[in-house]
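# Chains, contacts and geometry: an overview
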Amino acid sequence: MSASPLSDADIGRLKVNQKRLMEDLHHTCTWGTGKKWGRQAIFTGMTRLALSDDDKRARDWFVQTTRNLGCDVTVDSMGNTFAVRPGRRDGPPTCAGSHLDTQPTGGRYDGILGIHAGVEMLKVFEDNHVQTEYPVGVVNWTNEEGARFPISMVSSGVWAGEIPIERAHNLQEVGGGTATMKSELERIGYLGSVPASYQSIPIAAHFELHIEQGPILEAERRKIGVVKGVQAYRWYTIDVTGRDAHTGTTPFSSRADALLLAARLITRSHDVAVKHSALGSTGILTLSPGSVNTIPGHVRFSLDIRAPADSTVETVEAELKNAFASLASQNSKLSVEWQTDTTSPAVNFHPDCIAAVRASAESVTGSADLVRDMVSGAGHDSVYTSRRCPTSMIFVPCRNGVSHNPEEYTSPEDCAIGAEVLMQSVLRYDRLRAERASA
Ligand SMILES: [Zn+2]
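Residues numbered from 1 in each chain as written. Predicted model: local features only at pLDDT ≥ 70, side-chain atom pairs only at ≥ 80, totals over all residues.

The name that an unreviewed UniProt entry assigns to the protein chain is Amidase, with the source organism given as Coniochaeta ligniaria NRRL 30616.

Right, here's the structure in full:
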């Protein structure tokens, strides 16, 4: 297939190999296999934390496989890995990207499907001798989950110039270990020499196939979500400081119980989020000293606030800062401090990419009724790429809307439909670039 440019019919004839896609995916999921939940061998979750030995094995597979498919592979200083297949002419690649790392009790599809769909795209291009107008590529972004090194999408953030590399490199692993991102990148051999930057490694466009991680597509019996943007969110670390004291000899009136105050603050964050139709959640809580008969003098907890509009997140934050200060002021020996760790504004994806996904989704599913527009509730690497290149995402249904859970599941058919939409989107965008260049 070498006609230039590809027609809609040419694009429609290219088919994803569902069996190969799923075999590859389950093959790499033998590295970091998590909790078993069903009869079949593939019915397990995943525990593949960023830059672990298992992550290295999956990365090595990605590098080897894409090299064998004729790609040039570049690893940058955050371990982001760009596999690029040459086109007819030079220029930055149109990319499919996602992540191979998982949550500690994650599943086989979040992120992993997006990478495998990209690799399957490269295989289909090789099988059919497809020559694209410009280079096309697949990107594995490092530590998207923020589970091991606690800033999510940190490496696409560095690439986009939004997070300083020193801050990212110095991130220490959660759970009390001393490893940093830099030390682990070095240890597993993925500290690349090319700066992680959109200036050193430009991308023409970024498409990300991802499971929905919510219940909407399944409930409406639709196959594809055309993702037009991402809701805003902010992450905070809250430190509550009181005073360690003996539980038996200290009357309530003399206590400065940091945990009791933290419990009130967390409850309040829930109430304020409900009031504004936002979301408020705490997922990490540590206290010290951690003894049955000592009142905790210090508590640290995470707070995650999300809403479709930036202004709502700002309102919730302002209201909570007042409320927390006022709750703390009821006892002069207690204090509360806020630190903002991540600010992710609401994102609107690029109309050209959205149009490419919409056309591809209707072509693959054969019906506009099986496709709907969506706003993502979760952050993704596409949030950061959208700051530096046209971007959009493709959602496929996942069972019961469940993710970040071993039982996360998307059927092979839906994985293949999503992968085909991804492949077509890349081709349509590639064609658009060529049309514009010759116009
Ligand atoms: Zn993900």
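What follows covers the overall build of the protein chain. A tally of regular secondary structure across the protein chain gives 13 helices and 18 strands. The C-alpha atoms of the protein chain give 23 Å as radius of gyration, which agrees with the globular expectation for 439 residues (22 Å, within 12%). With the C-alpha coordinates of the protein chain rotated into their principal frame, the extents come out at 85 × 50 × 45 Å. Counting all 439 residues of the protein chain, 49% fall into the buried class. (Helix = DSSP H or I, 4+ residues; strand = E, 2+ residues; numbered from the N terminus. Rg over C-alpha atoms; globule rule 2.2 N^0.38 Å. Buried ≥ 20, exposed ≤ 12 C-beta atoms within 10 Å, placed from the backbone.)

Right, let's get into the environment of R300. Note that R300 resides in strand β14 (residues 298–307). For R300 and D239, which are 61 residues apart along the polypeptide, the C-alpha to C-alpha distance reads 4.5 Å.

Direction vectors running N to C along helix α2 (residues 18–28) and helix α13 (residues 412–438) enclose 105 degrees, while the axes themselves pass 9 Å from each other. By the criterion of interaxial angle, the relationship of α2 to α13 is roughly perpendicular. Two secondary-structure elements touch here, α2 through Q18, L21 and M22 and α13 through P412, E413, C415, A416 and A419. (Axes fitted to C-alpha atoms, helices over the stretch in contact; angles between N-to-C directions. Parallel < 35°, antiparallel > 145°, perpendicular 65-115°, else oblique. Contact = placed C-beta atoms within 7 Å.)

So, on to helix α7 (residues 181–188). Residues lying three or four places apart along an α-helix face the same way, a consequence of the helix completing one turn every 3.6 residues. Among all positions of α7, only M181, E184 and L185 are buried. Considered in projection along α7, the buried side chains sweep an arc of 105 degrees and stay on one side of the axis. Where α7 is buried, its residues touch α6 (165–169). Note on α7: the residue one or two positions beyond its end, G189, has a positive phi of about 80 degrees. (Arc of directions from axis to C-beta.)

The next point concerns unusual backbone geometry. Cis rather than trans, the peptide bond between S288 and P289 has omega equal to 10 degrees. For P289, the position within the fold is in the loop between β12 (285–288) and β13 (294–295). The phi dihedral of L51 is positive, around 70 degrees, even though this residue is not glycine. Phi angles above zero are rare outside glycine, and M153 is one such case at about 55 degrees. The class of M153 is buried, set by 27 C-beta atoms lying within 10 Å.

You can read the domains of the protein chain as domain 1 (8–231 + 346–438) and domain 2 (232–344). With centres defined by C-alpha atoms, the gap from domain 1 to domain 2 works out at 35 Å. With 7 residues of domain 1 in contact, the opposing surface of domain 2 contributes 10 residues. Looking at side-chain class alone, the side of domain 1 that touches domain 2 contains 4 nonpolar, 3 polar and no charged residues. (Domains from an automatic or database assignment. Nonpolar A, V, L, I, M, F, W, Y, C, P; charged D, E, K, R; others polar.)

With that settled, consider the nonpolar core. Judged by nonpolar contacts, the single largest core of 89 residues is most densely connected at A96, I224, I394, A419, L422 and V426. Sorting elements by how many residues they give to this core places α13 first, with 10 residues. Look past the residues within four positions of I394 in its chain and what remains in contact with it is F207, L209, I224, V227, V357, G418, V421, L422 and S425. Within the second largest apolar cluster, 25 residues are counted, among which are V240, V272, L303 and L334. (Core = buried A, V, L, I, M, F, W, Y, C linked by C-beta atoms within 7 Å.)

What follows is about the environment of S363. Among the structural elements, S363 can be located in helix α11 (residues 351–365). Taking the C-alpha atoms as reference points, S363 and M46, separated by 317 residues in sequence, lie 33 Å from one another. Contacts of S363, omitting those with residues within four sequence positions, involve G12 and Q424.

Cross-referencing UniProt, the feature "domain: Peptidase M20 dimerisation" (unreviewed entry) maps to residues 234–329 in the present numbering. Overall, residues 234–329 shows 39% helix and 30% strand. The separation of its end C-alpha atoms is 25 Å. (UniProt positions renumbered as here; feature names shortened; annotations may be inferred.)

To continue, consider the pairing of strand β7 (residues 205–211). Most of β7 sits inside the fold, with 7 of its 7 residues counted as buried. Across the two faces of β7 the burial is the same, with A205, F207, L209 and I211 and H206, E208 and H210 all buried. Direction of pairing for strand β5 (residues 94–98) relative to β7: parallel, over a ladder of 3 bridges. Looking at β7, one finds that A96 is bridged to F207. (Pairing = 2+ DSSP bridges.)

A few words now on the pairing of strand β6 (residues 136–140). Burial analysis of β6 places 5 of its 5 residues in the buried class, which makes it a mostly covered element. What you see with β6 is no split at all: V136, V138 and N140 on one side and G137 and V139 on the other are buried throughout. In this sheet, β6 lies alongside strand β4 (residues 81–85) in antiparallel orientation, the contact comprising 5 bridges. Within β6, the position partnered with A83 by the bridge is V138. Pairing of β5 with β6, which is carried by 5 bridges, proceeds in the parallel orientation. Among the inter-strand pairings, G97 is bridged to a residue of β6, identified as V139. You can see the chain leave β5, run along helix α4 (residues 112–127) and come back into β6, and the turn it takes is right-handed. (Right-handed = clockwise from strand over helix to strand, strands pointing away.)

Between α2 and α4, whose axes approach to 10 Å, the crossing angle comes to 130 degrees. Classified by the angle their axes make, α2 and α4 are oblique. By crossing handedness, the relation of α2 to α4 is classed as right-handed. Two secondary-structure elements touch here, α2 through R20, L21, D24 and L25 and α4 through I112, L113, H116, A117, V119, E120 and K123. Classifying every residue of the contact of α2 with α4 gives 6 nonpolar, 1 polar and 4 charged. (Left-handed = near helix turned anticlockwise from the far one by under 90°.)

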